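Chain and residue survey
Okay, here's what each chain looks like letter by letter:
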Amino acid sequence: DLAYNYLLSGGGGGGGGGGGSRPNPAPVPAPTPGGGGNCVDSPLGWYDSDGTVYNCEWYGRENRCGRFGDQFPNDGYTANEACCSCGGGSTAPAPAPALAPTPTEGGECVDSPLGWYDSDGDKFDCKWYGKKDYRCEKLGDMFSNDGYTANEACCSCGGGTGGSRSR
């Protein structure tokens, strides 16, 4: 697609109006944790105007924040504003402990956080990962959402909280 090709080409060349060239923004360093708060991508699950592939995880690699982070806004935010990996996001306090599940009686594993799904959308939840063994192995450390990957959040992938894992 057009924006993808633009990104891969380094943004050069070709028609389109608008006059002069826009200088490349200076790279924004990633924030360092501290001060009692954790950086959270804000809004959670943000992706750019060209689709879900171009999310905060994508921007956090290969200096993409510096190269493209001020372009392709979505929901009123660019990557440099929405993504912790680009120096944006929110440094809100960690979620209240009441939201975190506690181990069930009998030591059963509980997906944690409850209702977790990956950064590609709610279709890709712990149940989805658990249906095929290869999903945890090949995809379980990718598509972080809310600070967790499937391998950390899902019992079916060896994550979660509580007793024995289902894997």
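Computed from a prediction, not measured in an experiment: that's the story for all the values here.

A word on the nonpolar core
- The biggest cluster of nonpolar side chains holds twelve residues, and these are Trp46, Tyr54, Cys56, Trp58, Tyr59, Cys65, Phe68, Phe72, Ala79, Ala82, Cys83 and Cys86.
- Counting only elements with at least two residues in this core, the list comes to helix H2 (56–59), helix H3 (64–68) and helix H4 (79–82).
- Counting residues per element, this core draws most heavily on H2, at three residues.
- Sequence-distant contacts of cysteine 65, defined by excluding residues within four places in its chain, comprise Tyr59, Gly60, Asn80, Ser85 and Cys86.
- Listed in part, the ten residues of the second largest apolar core include Trp116, Cys136, Ala153 and Cys154.

Notes on the confidence of the model for the protein chain
- Across the protein chain, the average pLDDT comes to 76, with 65% of residues at or above 70.
- Confidence drops under a pLDDT of 50 for residues 12–36, and excluding neighbours within four residues, the segment shows 19 contacts in the predicted structure.
- For residues 94–104, every residue scores under 50 in pLDDT, and the model assigns this stretch ten contacts once sequence neighbours within four places are set aside.

Re unusual backbone geometry
- Geometrically, the link from serine 42 to proline 43 is a cis peptide bond, its omega value of 5 degrees lying close to zero.
- Along the chain, proline 43 falls in the loop between helix H1 (2–8) and H2.
- With a phi close to 60 degrees, aspartate 75 is a non-glycine residue in the positive phi region.
- Mapped onto the secondary structure, aspartate 75 falls in the loop between H3 and H4.

Reading guide: rules and limits
- Residues numbered from 1 in each chain as written.
- Predicted model: local features only at pLDDT ≥ 70, side-chain atom pairs only at ≥ 80, totals over all residues.
- Heavy atoms only, no water.
- Core = buried A, V, L, I, M, F, W, Y, C linked by side-chain atoms within 4.5 Å.
- Buried < 20%, exposed > 50% of the residue type's maximum accessible area, 1.4 Å probe, protein only.
- Helix = DSSP H or I, 4+ residues; strand = E, 2+ residues; numbered from the N terminus.
- Contact = heavy atoms within 4.5 Å.
- pLDDT = per-residue confidence, 0-100.

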